[in-house]
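Summary of structural features
So the chains spell out like this:
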Amino acid sequence: MRVSKALIPTVKETPGEAEIPSHKLMLRAGLMRKVASGIYEYLPLGQRSLLKVMGIIREEMDRGGAQEVLMPILTPAELWQETGRWQKYGKELMRVKDRHERDYALGPTHEEVITDLVRRELKSYKQLPLNLYQIATKFRDEVRPRFGVMRSREFLMKDGYSFDADDEACDKTYWIMFGAYQRIFKRCGLNFAPVEADSGLIGGSFTHEFMVLAETGEAAIALCEACGYAANLEKATGVPAPHAAPAAGGATQKAYTPGKHTVEHVSELLKLPAQQFIKTLIFVADGKPVAVLVRGDHDVNEVKLKNFLEAQELALAPAEKVMEVTKAPVGFAGPVGLSGARVVADKALQGGHQYVAGALEKDYHLTNVELGRDFKDPEWADLRSVATGDGCPKCGKPLKAGRGIEVGQTFKLGLKYSKAMKCVYLGEDGKDHETVMGCYGIGVTRTVGAAIEQHNDADGILWPISVAPYEVHLLLLNPSDPEVAKAADQCYEDLKKAGYEVLYDDRAEATAGFKFKDADLLGLPLSVRVGAKGLKEGVIEVKRRRLKDVAKVPAAQVLDKVKEFAAEEWKLCAP
RNA sequence: CGGGGCGUGGCGCAGCGGUAGCGCACUUGGUUUGGGACCAAGGGGUCGUGAGUUCAAAUCUCACCGCCCCGACCA
């Protein structure tokens, strides 16, 4: 492609709306433009990268035995009502009415649609396993779209769904898809980690999120560098730091703690470490009060709590409710003598002694509180977020906090949708059986954003060659010099003939410096620079964007050099 | 939805009661041409929208709309 004829509107100044590197660069390099909040159009360069990612996804999904289909974006409300998600999905589901006032949703994901398709076509166990996917536009009316392509309201997604005869077969499919995902993201040149996660609204028994590691990622994760354990913070477990008081002390005593209602303040006053505190928080779950106990140095994890309580709605109780339940203002809640609320406690409290807890009385705390002695055993569960200083649940080495961009997620759905929608097949035994489902998503647009987020420098993008819009950027540095122009044209023809995707900056009006800056910004992995200075010495320059040094070779060796450098680049994207 | 910020040529910004400006980009001509060239001459804006205050509003007031950030939320 000749730049002189292409729509590649690069901009020197960063548009004010962009905050993170990938967003800035996608706008600056002319990959996309914003149409409205969270809605973008992709220009030729952006579209080429999207197609590259889609190509890799297709190859790996097909290799994993999946078949590509295409489902509608506009989906009838009835399907959503069947599973209850017409209600449950809430405002994030984009709804539209047709001229007859019939309700539709713009698909945010397609479990209902695909399950409907399969239940109509699936008759016999002989048709299983079945694994179908599509790459299509999804709509989610996000509360707050942000960071460009990272959280948008309309985006490209690959969504795949598997149907198996039984649990064991589903597991097998799940791990095949898991492997396909590893290959996909490696081939996209991404540094990523599959992490254990919560399954949220999609539901199901277990799930992995594929996180591209990046500081600007929206998701907090816990990582173990020693053994590779990684989990979303909302799901992560850890081995807590040791208890402050490993042995039982004397009888419970009342301590006067006027106006001190945080663990931090009481800890200071009593000169006792936070690990020795029982923090009691009052939540309201589906209208009922629940007292949650965690160690003073830990935080309640609302996702874990919600899952444990199997609650639909969960929130911290308002002050009046706390007063009603604990007979004291906020800050003096404790488990001793507490009644009128379900009591759940985080397991990390077990094994500790001489605890400090609220006395259920204004301005008083209790010390030397013992589990089981001073209050009845609560319901135990893992209810806390991993804290700094925790050990890895697998190997015990210290966990590290990190951030990631979720580019994909795999779910083992089990029977959730096949039960709700009666997706059954006739088994060998002549009876109907529900199919066991899995589902597998990849944010295609987000993957492109994540690649840029992870691969850029002060001058621009550093595309992994597998997803770069073009492989080679050919620069004609002195367009008015016929000799130079001729040599560059020849390079263009030769490179194309050799099968490379070449972007040829043949612009007559742009100076050499301008072209260098644009080339750095666009970030194609390889560049070939043809200029008068080089030709005088009988050489053409070949450069890798990510490296400083330039190879100067005679015209006849340009192809060999490009081949060599391209091979190096491809190694970085090997599955 | 709560908190904060911003809407002025395509982009980045200044102006903050009294004739709409600057830089970049764009058009034309010329000189240039190895790290975002220079000179000259041009074109382009109902100052987000609507009410109001005023002799006079981009500027003050109110409402609405849009955009961005933090939070809540998020397959």
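Being a predicted model, the structure only gives us computed values, none of them experimental. (Residues numbered from 1 in each chain as written. Chains lettered and ligands numbered in written order. Predicted model: local features only at pLDDT ≥ 70, side-chain atom pairs only at ≥ 80, totals over all residues. Heavy atoms only, no water.)

**A short note on the overall build of chain A**
Of regular secondary structure, chain A possesses 15 helices and 31 strands. Its C-alpha atoms put chain A at 95 × 65 × 45 Å along the principal axes. By the burial criterion, 52% of the 575 residues in chain A qualify as buried. Accessible surface, chain A as shown: approximately 26000 Å² in total, 52% of it carbon and sulfur. Taken together, the 78 basic and 80 acidic charged side chains of chain A have centroids lying 2 Å from each other. (Helix = DSSP H or I, 4+ residues; strand = E, 2+ residues; numbered from the N terminus. Buried < 20%, exposed > 50% of the residue type's maximum accessible area, 1.4 Å probe, protein only. Areas by Shrake-Rupley, 256 points an atom, 1.4 Å probe, with all protein chains shown as cover. Lys, Arg positive; Asp, Glu negative; His and termini not counted. Charge placed at Lys NZ, Arg CZ, Asp CG, Glu CD.)

**Examining the pattern of salt bridges**
As a working rule, side chains carrying opposite charge can pair if their charged atoms are close by. As enumerated under the stated definition, the model contains 44 salt bridges in all. Note that aspartate 116 is salt-bridged to arginine 120, the shortest N-O span being 2.9 Å. Here aspartate 116 pairs with arginine 120, and both are found in helix H5 (residues 111–121), just four residues apart, close to one helical turn. Assessed through its relative accessible area of 13%, aspartate 116 is described here as buried. One salt bridge in this structure joins lysine 412 and aspartate 167, with 3.1 Å as the shortest N-O distance. (Salt bridge = Lys/Arg side-chain N within 4 Å of Asp/Glu carboxyl O.)

**Description of the nonpolar core**
Residues Phe185 and Trp463 are the most contacted members of the largest nonpolar core, which totals 54 residues. The greatest single-element share of this core, amounting to seven residues, is contributed by helix H2 (residues 44–63). There are two domains that each give this core at least three residues, and those are domain 1 (46–237 + 401–452) and domain 3 (470–571). Counting 26 residues, the second largest nonpolar core, distinct from the first, contains Val472, Ile540, Ala551 and Val553. (Core = buried A, V, L, I, M, F, W, Y, C linked by side-chain atoms within 4.5 Å. Domains from an automatic or database assignment.)

**Topic: the sheet that holds strand S5 (residues 94–97)**
With antiparallel pairing, three strands are arranged side by side in an open sheet as S4-S6-S5. What marks the edges here is a single partner per strand, and that holds for strand S4 (74–76) and S5. Between one strand axis and the next, the sheet turns by 40° as a mean value, whatever way the strands run. As defined by bridge partners, S4 adjoins strand S6 (residues 103–106) across three bridges and the pair is classed as antiparallel. Note on S6: the bridge partner recorded for threonine 75 is alanine 105. (Pairing = 2+ DSSP bridges. Axes fitted to C-alpha atoms, helices over the stretch in contact; angles between N-to-C directions.)

**With respect to the packing of H2 against helix H11 (residues 444–454)**
Look at H2 against H11: their axes get within 9 Å of each other, and the N-to-C directions meet at 110°. Judged by the angle between their axes, H2 and H11 are roughly perpendicular. Crossing handedness for the pair H2 and H11: right-handed. Between H2, through Ser49, Leu50, Val53, Met54 and Ile57, and H11, the contact on the second element is made entirely by Val444, Thr445, Thr447 and Val448. For the contact of H2 with H11, the residue count by class is six nonpolar, three polar and no charged. (Parallel < 35°, antiparallel > 145°, perpendicular 65-115°, else oblique. Left-handed = near helix turned anticlockwise from the far one by under 90°. Contact = heavy atoms within 4.5 Å. Nonpolar A, V, L, I, M, F, W, Y, C, P; charged D, E, K, R; others polar.)

**Considering the domain arrangement of chain A**
The assigned domain composition of chain A is domain 1 (46–237 + 401–452), domain 2 (253–381) and domain 3 (470–571). Using only C-alpha atoms to locate each centre, domain 1 and domain 2 end up separated by 38 Å. Counting residues at the interface gives seven residues for domain 1 and five residues for domain 2. Buried area between domain 1 and domain 2, both sides added, is near 370 Å², and the carbon and sulfur share of it is 38%. For the interface between domain 1 and domain 2, the tally reads zero salt bridges. Summed over the shared surface of domain 1 and domain 2, the number is three residue pairs in polar contact (both at pLDDT 80 or more). Split into classes, the residues belonging to the side of domain 1 that touches domain 2 amount to two nonpolar, one polar and four charged. (Buried area = accessible area lost by both parts, 1.4 Å probe. Polar contact = N/O pair within 3.5 Å; in protein donor to acceptor, adjacent residues only side chain to side chain.)

**Some remarks on the pairing of strand S28 (residues 502–505)**
Neither face of S28 is open: one carries Val502 and Tyr504, the other Leu503 and Asp505, and all of them are buried. Here strand S27 (residues 472–476) pairs with S28 via four bridges, running parallel. By the bridge assignment for S28, valine 472 is matched with valine 502. Considered for its hand, the β-α-β crossover made up of S27, helix H12 (residues 482–497) and S28 is right-handed. (Right-handed = clockwise from strand over helix to strand, strands pointing away.)

**As for the environment of proline 273**
Assignment of secondary structure puts proline 273 in the loop between helix H7 (263–270) and strand S14 (278–285). Residues proline 273 and glycine 296, spaced 23 residues apart in sequence, show a C-alpha to C-alpha distance of 8.4 Å. Those residues within four positions of proline 273 in sequence are excluded, and the remaining contacts are Ala244 and Ser267.

**As for the environment of proline 246**
Within the secondary structure layout, proline 246 lies in the loop between strand S12 (230–232) and strand S13 (253–256). The class of proline 246 is exposed, set by a relative accessible area of 64%.

**Focus on the side chain of arginine 544**
Here arginine 544 shows up in strand S30 (residues 540–544). Classification of arginine 544 by relative accessible area gives buried; the value is 11%. Of note is the side chain of arginine 544, whose polar atom sits 2.9 Å from the side chain of glutamate 569. Among residues more than four places away in sequence, those in contact with arginine 544 are Pro525, Leu526, Phe565, Glu568, Glu569 and Leu572.

**What to know about the packing of aromatic side chains**
Inspection of every chain in the model, using the stated rule, returns twelve aromatic pairs. On the numbers, 6.3 Å between centres and 85° between planes, the contact of tryptophan 80 with tyrosine 89 is edge-to-face. Here tyrosine 89 falls in the buried class, since its relative accessible area comes to 10%. Where phenylalanine 178 meets phenylalanine 210, the ring centres are 5.3 Å apart and the plane angle is 55°; that geometry is what we call tilted. Taken together, the residues span a long stretch of sequence, with phenylalanine 178 in helix H6 (residues 167–187) and phenylalanine 210 in strand S10 (residues 206–213) at a distance of 32 residues. Judged by relative accessible area, which is 0%, phenylalanine 210 ranks as buried. Grouping aromatic residues by their ring pairs yields a cluster made of Tyr174, Trp175, Phe178, Tyr181, Phe185, Phe192, Phe210 and Tyr440. (Phe/Tyr/Trp six-rings, centres within 6.5 Å; stacked < 30°, edge-to-face > 60°.)

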